[in-house]
Every structure is written in structure tokens, then in C-alpha cells.
Amino acid sequence: MQELNWVALIIFILLFGFITWLGFAAARWRRGDLDQLHEWGLGGRRFGTVVTWFLVGGDVYTAYTFIAVPALAFGAGAVAFFAVPYTIIIYPLMFLIFRRLWNVCHKHGYMTAGDFVKGRFGNRWLALAVCITGIVATMPYIALQLVGLQVVIGAMGISGNGLMADLPLLIAFVILAAFTYSSGLRAPASIAIVKDILIYITAFAAVIVIPYQLGGFGKIFASVPAEKLLLAVPGPESTGAYSAYATLALGSAFALFLYPHSLTGILSASSGKVIRRNAAMLPGYTFMLGLLALFGFFAIASGVNKLPEYAAGFKHFGNNFAVPALLLHSFPSWFAGVAFAAIGIGALVPAAIMSIAAANLYTRNVHREFINKNPTDKQESQVAKWTSLIVKLGALIFILFVPTKYAIQLQLLGGIWIIQTLPPVILGAYTRWFNSWALLIGWAVGTFAGTSMAIAVKIANTYPLHVGDHTFPAYAAVYSVLLNLLVAIVLTPVFNALSADKTRVDQTVASDYQA
Amino acid sequence: MNTTEKKRGGWSWWYLLFVIQFAVALWPPFYNKAEPYLFGIPFFYWFQMLWVIVSAVFTAIVYFAVKE
């Protein structure tokens, strides 16, 4: 690996020191009693338009996104841009559907998707399925944030053997765990503001300076191989790259807001108006993500993967090293330090929110439901704080001892798993027509089918469905959730006829869903 | 005045802007081409970036048009 980059490292450490202080100081921000779960785990539901913008932005656009999307553009080309339509269509969903969910959750004090499903359908096993799916899908996502951190630490030339190599990651992890424990959701909310300012500075500097250095966008795109520049036009018997691209965007969009950390970000907003406003303002991040995706092409044009000083980095981290190498190559060390700090802090924010979200789920839908039915406020928040530590520790152990490619594969599977909670959570926000047992079986069938499809194609994103002579490649999450829905629709009248569900009470009424 | 009252929580024709937003974003044949270039950037890329801005404007229009 290249030599230690002292200048970048010192800038990185200074910025990390600052956000560490900020993370602890956040406990006193909009002060609330952190021994209450809704204060610790939802910031007291008091975040206004601006803080919510940063917080949800921190949720959606993570360190791993900043590394992996350009890496995909670098390696595979145009298909990486699916992240743009994906993050276009999430906002109407937020505007309409999650606005409704916010209303009903606010009215009844629900803190998780599991709480809502329990209240709506009165079936704690369905709520448990939603809860477990959320936790299991979130864990590899947290692990991937640590991968983002590993890549930038490696890019600053820190290497070594055994414990020494992992020491920076361990330190960052301890910082993350400590401020999450003490400040709850207020910590990532305040740090997200710093992170985004740094990311915006990096993105705009890079998108101006690098094309200038490389002789303009025309030259950059001219150096991209033709087969990477556009999606391959499908043949007559297949919908090819088109259906793959569109379903990846669609499936990812529905999956995104079903992830527990997204819901945590949304539920911490102080009013429904905040959510609707943010749906119009958050595309600011999408625009930046599009710029970042172009970094993959900048990396191709600059030929960083052929330079000897980055050979070891590419060998170790693969295409994920494209962005760090590009930044080192194009900027003075001090600015590379700023950019790496932006990515590193960009890992801590979502990792903190994810672990809080997983902790809220466990506390509300497992511990309270099955272990201690009447906890005091203090006991409940204490369980959540410990759970957040355990969840993060699990992610850390995973990253230290299991090859990175498994974390990536599990995260791909996580998207397929989490979308199976769409019928009870999203459709549940509109109708109680479904029978809760039918939904539970639909969930199980969808999870099994989606996992099988992914395994059949060796854990790739898209599954080629063959119908007669035609092939329809699409995101396995979309196929499997349609099957899930079909099962739930067919079984609902059956279970209703068996009268298995008649006594279950819906806590909510129609007006709870409206402003 | 009462028309907005009636729409509360229900369907509004303004939501058609969302339908347009979805239909264009999810129909790759529409934008999967290199020509015309803008500042050297192929259509595929600059159009989708432009669509981000158009979508944000659509959402803002719906925000102001549909009162809760």
C-alpha cells in the first residue's frame, strides 16, 4: 500500500474529533429526558424541516453509496445510474404514503413499523415478522458502512498486520457506539449537518476541478468504453437491461422507506408538513448522487487504476477504491483529507441511525411484546441503548472476520427481504382488507421465493424470468413481492371464511391517517 | 373553498404530476441514447439529472397546490 498520507490523516482526525465532541454535546440539544425511549430513539419527535432534511439525507445517501455507486459506474457503466431514477421516485412515495404513516404513528405513539402493524392488524406475530425482517436486513447495511470507512482509512495509507490494521476502525467504532448510547438520535442528526456540508463541498469541487484537469466532459465520456456508456439495447425476445434498470429503481425505492432507519428518520419529524416539504427538498441529494456517480467515469478517464501507487489499493478493495484513488490523484492531500472525512463521517451517521432503529424495533416488538410487558420508561430506554450496542458489535465482528463480499451479498438480500413488509406496512396504511395470517404467509412465501431467486443467480440483483421464448430480467425484490401480494390476496378470503381473524381489533380509524 | 375541504386526504388531480414523474423515470427506452450531447455529456446522463430537478419542481407544485 502507498505511504502514510500525514496531511490527509491529520485533517481527517481533526474533523473526526470535532464530530465526536458534537455527538456527545448533542445530548443537550433540544433537551429531553433521554430515559424515555421516544426521546432517545426518535429525538422526541421534534425535528423541523431542516434537521429532517439532513437526517433523512444521512439515511438515504450513506458512505457506502458514495463509494459503491461510482464504483459500479467505474466497473459496469450506465447501469449504476439507476440510483438516479430510484432516488427520484422515492419522494412521491414519501409525500403520499409516509405522510399517512407519520399521521397514524404520531396519533398512537407508534415508534416502529412493527408497532403500526400490531395496532392495525392486532396480530403480534405479523408484527414480529416485520420486526425481525427489519433487524436482519439492517445488520449487513451497518456492516457495509464500516466497509466505506475501511476503504478511506486504507486510502490514507494506514496498513499493518492483525490488530494494528483494524485499530482505526475499532476507534471509530467505539466513538460511534459511545455517542449513540449517550445521545440517541440527536447525535446522528447533528453530525449529519457537518457530514453533508463536507460532502457538498467535495462533490462540487470535484465536479468542477476534475473535468477541468481532464480536459472537459467531452473527453471524459469519450474515454468511457462504448458498452459502458449506455444500457445495452435488448434483443427481440428479452426486455434485457431496460426492465432490469427500471425494476431496480422501482424495487429499491419501495424497499428504502421500509428499512427501519428510514422510518425512524421520518417519524422523528415534528409535523406532517415537515415530511411533505422534505419530499420536495430532498431531491437536492439525488442531484448530488448523480454527480457522484459520474466520478466513476472520471476515474476511468484519469486511468487511476493503471497507476502503480494505487495498485495495492485496487487489489485490496477492488472497484471500491476508484473514488478514493481519484480524490488522491486529483486533489492536494489536505483536500483529500476533507473528502475522506466526509465519507468516514458519512458512515457513522447512517450506522448510528440504523442501530437506533434496530434497537427501537427489538425493544418495542420483541422485548415489550414477549419478555417484559410493562417496563418502566427507564427500563425500556435502557434495553434500547444496550441493543444498539449489540447490533453495532455484531456488524463490527462481521466486518472484521467475514470477507466483505458476504456483507455485500447479504445487503443485496436485505433489500429483497425488507420489501416483503410492503403489504402490511404500505398497503396497511390504506386498507385493512387483508387478513393478518394471509399477510404473514405472503411474507414467508415472498421471502423464500426472493431468496431462492437471488441464490439461483449467485446473489446477483436481477433474476431472468423465462416465459415461453421470452426473458424478463428484473430485480428479484419486485418479482417476489408481487408473489407475496398474490398469496395474501388469495388467502385473505380463505382465512376470513375460517373466521380465524374476526376478533382482532383495529386500533386505528380512518381519520387517524389524515392531517 | 369547499372543494379543497372535500379533497382532504383523498385523490387530487395534481397527483398526476407524480404519475408523469414515475412514468418517465421508469421508462429507460426514452432516455437511453447518447445524442444530443450537452457540454459533452450524453443525453442519458444529463436528461436524468434534469429530471431530478423537474421532479423536485413537480413535488413542490403539488405541495403548494394540495392543501391539507
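Note that this is a predicted model, so its numbers are computed, not measured. (Residues numbered from 1 in each chain as written. Chains lettered and ligands numbered in written order. Predicted model: local features only at pLDDT ≥ 70, side-chain atom pairs only at ≥ 80, totals over all residues.)

Remarks on the overall build of chain B
We apply this condition: Segments assigned H or I by DSSP are reported as helices when at least four residues long, segments assigned E as strands when at least two residues long, and all are numbered from the N terminus. For every residue, the other C-beta atoms within 10 Å of its own C-beta are counted; 20 or more classify it as buried, 12 or fewer as exposed, and values in between as partly exposed. C-beta atoms are placed from the backbone. Think of it this way: build a C-beta for each residue from its backbone, and any pair within 7 Å is a contact.
Along chain B, the regular secondary structure elements total 3 helices and 0 strands. Listing the helices and strands of chain B from first to last along the sequence gives α-α-α. Buried residues in chain B amount to 25% of all 68 residues. Taking the contacts inside chain B whose residues are at least 6 apart along the sequence as the reference set, 53% of them involve residues at least 24 apart.

Considerations on the overall build of chain A
The cut-off we apply is this: Throughout, the radius of gyration refers to the C-alpha atoms, and the reference size of a globule is 2.2 Å times the residue count to the power 0.38.
Looking only at helices and strands, chain A features 23 helices and 2 strands. Over its C-alpha trace chain A gives a radius of gyration of 23 Å, about what one expects of a compact globule, namely 24 Å for 515 residues. Seen through its principal axes, chain A has C-alpha atoms that stretch 70 × 65 × 45 Å. The buried share of chain A, taken over its 515 residues, is 59%. Taking the contacts inside chain A whose residues are at least 6 apart along the sequence as the reference set, 85% of them involve residues at least 24 apart.

Here's the deal with unusual backbone geometry
A cis amide bond links Glu35(B) to the next residue, Pro36(B), at an omega of -10°. Mapped onto the elements of the fold, Pro36(B) is located in the loop between α2 (16-25) and α3 (43-65). Positioned with a positive phi, Arg45(A) is a non-glycine residue whose angle comes to about 50°. In this fold, Arg45(A) is placed in the loop between α2 (37-42) and α3 (49-60).

A short note on the confidence of the model for chain A
Cut-off, in case you're wondering: Per-residue confidence from the predictor is reported as pLDDT, a score between 0 and 100.
Here chain A averages 89 in pLDDT, while 98% of its residues score no lower than 70. When pLDDT is averaged over each element of chain A, helix α21 (residues 422-425) of chain A comes out on top at 96 and helix α8 (residues 163-183) of chain A at the bottom at 85.

Section: the pairing of strand β1 (residues 462-467) of chain A
If a strand is regular, its side chains alternate between the two faces of the sheet. Residues and elements named next belong to chain A. Our working definition: Should DSSP find at least two bridges between two strands, the strands are taken to pair.
Bridge count for β1 against strand β2 (residues 470-475) is 6 bridges, and the pairing is antiparallel. From the neighbouring strand, Thr462 faces β2, where its bridge partner is Tyr475. Two successive antiparallel strands, β1 and β2, enclose a turn made up of 2 residues, where Gly468 displays a positive phi of approximately 60°.

Observations concerning helix α20 (residues 404-418) of chain A
Keep this limit in mind: One fewer than the residue count of a helix, multiplied by 1.5 Å, yields its expected span.
With 15 residues, α20(A) extends 21 Å from end C-alpha to end C-alpha; this agrees with the ideal 21 Å at 1.5 Å per step. What α20(A) keeps buried is the set Ala407(A), Leu410(A), Gln411(A), Leu413(A), Gly414(A), Gly415(A), Ile416(A), Trp417(A) and Ile418(A).

Quick look at the interface of chain B and chain A
Put simply, the rule reads: For this classification, Asp, Glu, Lys and Arg are treated as charged, while Ala, Val, Leu, Ile, Met, Phe, Trp, Tyr, Cys and Pro are nonpolar and the rest, including Gly, are polar.
Each partner contributes residues to the interface: chain B has 30 residues there, and chain A has 33 residues. For the side of chain B that touches chain A, the secondary-structure elements that each account for two or more residues are α2 and α3 of chain B. Of all the elements, α3(B) adds the most residues to the side of chain B that touches chain A, at 13 residues. Residue composition of the side of chain B that touches chain A, grouped by class: 20 nonpolar, 7 polar and 3 charged.

Concerning the packing of helix α5 (residues 83-108) of chain A against α2(B)
As a reminder of what qualifies: Axes here mean lines fitted to C-alpha atoms, for a helix over just the part in contact, with angles spanning 0 to 180 degrees between N-to-C directions. Geometric relationships in this document are graded by angle, where less than 35 degrees denotes roughly parallel, more than 145 denotes roughly antiparallel, 65 to 115 denotes roughly perpendicular, and other angles denote oblique. Each crossing is labelled by how the near helix is turned from the far one, with a counterclockwise turn of less than a right angle marking it left-handed and a clockwise turn marking it right-handed.
Between α5(A) and α2(B), whose axes approach to 10 Å, the crossing angle comes to 160°. Between α5(A) and α2(B), the angle falls in the class roughly antiparallel. The handedness of the crossing between α5(A) and α2(B) comes out as left-handed. Taking contact as the criterion, the partners of Pro85(A), Ile88(A), Ile89(A) and Pro92(A) in α5(A) are, on α2(B), Phe18(B), Gln21(B), Phe22(B) and Ala25(B). Looking at the contact of α5(A) with α2(B), its residues break down into 7 nonpolar, 1 polar and no charged.

Quick word on the environment of Glu309(A)
As for its position among the elements, Glu309(A) is in helix α16 (residues 308-317). Distance in space between the C-alpha atoms of Glu309(A) and Pro168(A) is 22 Å, their sequence separation being 141 residues.

Some points on the nonpolar core
What counts here: Throughout this description, the term nonpolar core refers to a group of buried Ala, Val, Leu, Ile, Met, Phe, Trp, Tyr and Cys residues whose C-beta atoms join them within 7 Å.
Counting residues in hydrophobic clusters, the biggest one holds 208 residues, and the most contacted among them are Tyr245(A), Ala249(A), Ala293(A), Ala299(A) and Phe340(A). Setting aside anything within four residues of it in sequence, one finds Phe340(A) in contact with Ala8(A), Phe12(A), Val152(A), Ala155(A) and Met156(A).

Concerning helix α14 (residues 272-281) of chain A
Burial analysis of α14(A) places 8 of its 10 residues in the buried class, the great majority of the element. Next to the buried residues of α14(A) lie α3, α5, α13 (260-267) and α15 (283-302) of chain A together with α3 of chain B.

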